[in-house]
Amino acid sequence: MAHKKTPENSSNLAGGEFTGADEARLLDERITRYGVAHTRSQAMLEHLRKTPSEATIKTAASLASCGNYLHFREYFTVGKVRLHSATFCKQHLVCPLCGIRRGAKALGAYLTRWQVIQEERPDLRPYLLTLTVKNGPDLEERQSHLAKSLRRLMDRRRYFNAGTRGAPWTELCKAEGAVYTLELTNKGNGWHPHCHMIILATSQPSQTDLSTEWHKITGDSMVVDCRPILGDPVEGFMEVFKYAVKFSDLTLADNWHAAQILKGKRLLNSFGLFRGVEIPDSLLDEPLDGLPYLDRFYRYLGDSYQPASIRE
Ligand SMILES: [Zn+2]
C-alpha cells in the first residue's frame, strides 16, 4: 500500500488537539507540571556543576539556559493556549521539561498518522505491546541485551514476511505497522530497560506465544504484555511517547549515568504503516494563525513558574 504523507499541519496537533493540553482552562495545571520538570532540571544542573568534566560542563551550560522563561499565547476567542517561545536545551535524557515537549510532539505526529491510516484501513486495531528484560546491575549490558533481542525479533518478522526458507513465524508478523520506544527505570532493584510498542493489526497477537518467542530470543526474560488500546487512543499512545528515562525513579547520579549510556542511541523506531512519520524539530507549539491573542509570560522563580510582565 502506498503510504500517505503525514499532513503538513500535523504539528498543530502535537500535544494539543488530541490531548486537550492546550485548553486555556488547563494552563495553570500545565505551568505547574512544567515547573516541577524544570525544578528537576535545575537539580541536575547543580549535580553536574559539582563534578566538572568536559561532558558535564557542556550539558550544564545548556541546562542553565533551558526553560528560564516561557512565553505563551492565549487565543481567547477559542479558549486555547499555545507555547509561543522559550529556550530549550533539547537534552531529553537529563531534562524532563524537554522530555515532556519532545513526547508531546511525537505523540501528535503519530496520532495524526494513525488518523490517516484508520481512514484507509478501518480493519486495523491498535495494540500496546510491552517487552521487558530482567533487571540487572550493569546498565550497558542490559541495554544492549534488550536492543539485540529486539533486533532478532524484528529480523524474524522480516525474514518470515520475505518468505525466507526456514524462517520461523512470529506473532509480530500480524503487525502491519508499529512504532516503539525504549524506556529505562531503576527502582533500586537494578536497571530495567524495556520496550513499549504500538502495533497495528487486524487480530490481536497472542501474548502467550509472544512470551514463548521472547524467552527463546532473550534466554532469560519472558515478561511480555499485549493488550488492545480501547476507546480514546491518546492514553495508549502516551505510554509509548513518555520519557525515555523515568526521572522520578532515578537518582541524579543514576540519571546522568543512564544519559551517558543512551546518548546517541536510537530510542524510537518504526516499521510498516508507521514508517516515515516526521516529528517536528521545534519543541514549541504551532501558532493559531489569524486569531486574536494575549501574550502570557512566565519566569521561573524559586521553585515554580510565576507570571511576569513583559516590561519587568
Ligand atoms: Zn531542557
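Here the structure is a predicted model, which is why all the values come from computation and not from measurement.

Enquirer: Could you clarify how one ought to interpret the overall build of the protein in this entry?
Expert: Each helix and strand counted, the protein has eight helices and nine strands in total. The C-alpha atoms of the protein give a radius of gyration of 21 Å, which matches the 20 Å a tight globule of 312 residues would have. If one aligns the C-alpha atoms of the protein with their principal axes, the spans along those axes are about 70 × 50 × 25 Å. Looking at the protein residue by residue over its 312 residues, the buried ones come to 49%. Looking at the protein alone, contacts between residues at least 24 apart form 75% of all its contacts between residues at least 6 apart. For the protein, the exposed area adds up to about 15,500 Å²; of that, 51% sits on carbon and sulfur atoms.

Enquirer: I keep staring at the sheet that holds strand S9 (residues 304-308) and nothing clicks. Help me out?
Expert: Pairing between the strands of a sheet comes from backbone hydrogen bonds, and it takes one of two forms, parallel or antiparallel. Ordered in space as S2-S1-S8-S9, the four strands form an open sheet in which the pairing is antiparallel. Both outer strands of the open sheet, strand S2 (80-86) and S9, are each paired with one neighbouring strand and no more. Strand-to-strand twist across the sheet, computed as the mean angle between neighbouring axes with direction ignored, equals 35°. Where strand S1 (residues 69-75) lies against S2, six bridges are found, and the strand directions are antiparallel.

Enquirer: Would you explain the side chain of Thr59 in this entry?
Expert: By the element assignment, Thr59 lies in helix H3 (residues 54-65). Within polar-contact distance, the side chain of Thr59 engages the backbone oxygen of Ala55 at 3.0 Å. Among all residues touching Thr59, those that are not within four sequence positions of it are Leu48, Gln91, Val94 and Trp256.

Enquirer: Would you explain the packing of helix H2 (residues 27-49) against helix H4 (residues 96-120) in this entry?
Expert: A packed helix pair is summarised by two numbers, namely the angle formed by the two axes and the spacing between the axes. Closest axis-to-axis distance for the H2/H4 pair is 7 Å, and the angle between their directions is 130°. In terms of their interaxial angle, H2 and H4 are classed as oblique. Of H4, the residues touching H2 (which contributes Arg30, Arg33, Tyr34, Ala37, His38, Arg40 and Ser41) are Pro96, Leu97, Ile100 and Arg101. A per-class count over the contact of H2 with H4 returns five nonpolar, two polar and four charged.

Enquirer: Quick question: what am I supposed to make of the nonpolar core here?
Expert: Buried together is how nonpolar side chains tend to be arranged in soluble globular proteins. Counting 63 residues, the largest nonpolar core has Phe72, Leu129, Leu131, Met197 and Ile199 as the members making the most contacts within it. Counting residues per element, this core draws most heavily on H2, at seven residues. Excluding residues that lie within four positions of it along the chain, Ile199 makes contacts with Arg125, Pro126, Tyr127, Leu129, Leu172, Ala175, Gly177, Ala178 and Pro205. With 21 residues, the next largest nonpolar core counts Ala106, Leu111, Trp114 and Val277 among its residues.

Enquirer: Just to check I follow, could you spell out the pairing of strand S3 (residues 125-132) for this structure?
Expert: On a regular strand, one side chain projects to one face of the sheet and the next to the other, so that they alternate. Among the eight residues in S3, seven count as buried, and that is most of the element. Note that S3 and strand S6 (residues 224-228) share five bridges and pair antiparallel. Each residue of the ladder has a partner; that of Leu129, found in S6, is Cys226.

Enquirer: Is there a simple way to explain the sheet that holds S6 in this structure?
Expert: Here we have five strands laid out as an open sheet, ordered S6-S3-S5-S4-S7, and antiparallel in their pairing. One side of each edge strand has no neighbouring strand; the edge strands of this open sheet are S6 and strand S7 (268-272). Adjacent strand axes in the sheet meet at a mean angle of 15° when their direction is disregarded. Here strand S4 (residues 177-185) runs beside S7; their pairing, made up of five bridges, is antiparallel. Among the inter-strand pairings, Tyr180 is bridged to a residue of S7, identified as Asn269. Sheet strands touched by helix H7 (residues 233-241): S3, S4, strand S5 (192-201) and S7. Its angle to S5, the strand with the most contacts, is close to 140°.

Enquirer: Would you explain H3 in this entry?
Expert: In an α-helix, one turn spans 3.6 residues; hence positions three or four apart end up facing the same way. End to end, H3 covers 18 Å across twelve residues, agreeing with the expected 16 Å (1.5 Å per residue, within 8%). Of the residues making up H3, those classed as buried are Thr56, Thr59, Ala60 and Leu63. In an axial view of H3, the angular spread of the buried residues amounts to 105°, which keeps them on one side of the axis. Turned more than 90 degrees away from the buried face of H3, the exposed residues are Glu54, Ile57, Lys58 and Ala61. The inward-facing, buried residues of H3 contact H2 and helix H8 (252-262). The positive-phi residue at the C-terminal boundary of H3 is Gly67, with phi of around 60°.

How each quantity is defined
Residues numbered from 1 in each chain as written. Predicted model: local features only at pLDDT ≥ 70, side-chain atom pairs only at ≥ 80, totals over all residues. Heavy atoms only, no water. Helix = DSSP H or I, 4+ residues; strand = E, 2+ residues; numbered from the N terminus. Rg over C-alpha atoms; globule rule 2.2 N^0.38 Å. Buried < 20%, exposed > 50% of the residue type's maximum accessible area, 1.4 Å probe, protein only. Contact = heavy atoms within 4.5 Å. Areas by Shrake-Rupley, 256 points an atom, 1.4 Å probe, with all protein chains shown as cover. Pairing = 2+ DSSP bridges. Axes fitted to C-alpha atoms, helices over the stretch in contact; angles between N-to-C directions. Polar contact = N/O pair within 3.5 Å; in protein donor to acceptor, adjacent residues only side chain to side chain. Parallel < 35°, antiparallel > 145°, perpendicular 65-115°, else oblique. Nonpolar A, V, L, I, M, F, W, Y, C, P; charged D, E, K, R; others polar. Core = buried A, V, L, I, M, F, W, Y, C linked by side-chain atoms within 4.5 Å. Expected span 1.5 Å × (residues − 1). Arc of directions from axis to C-beta.

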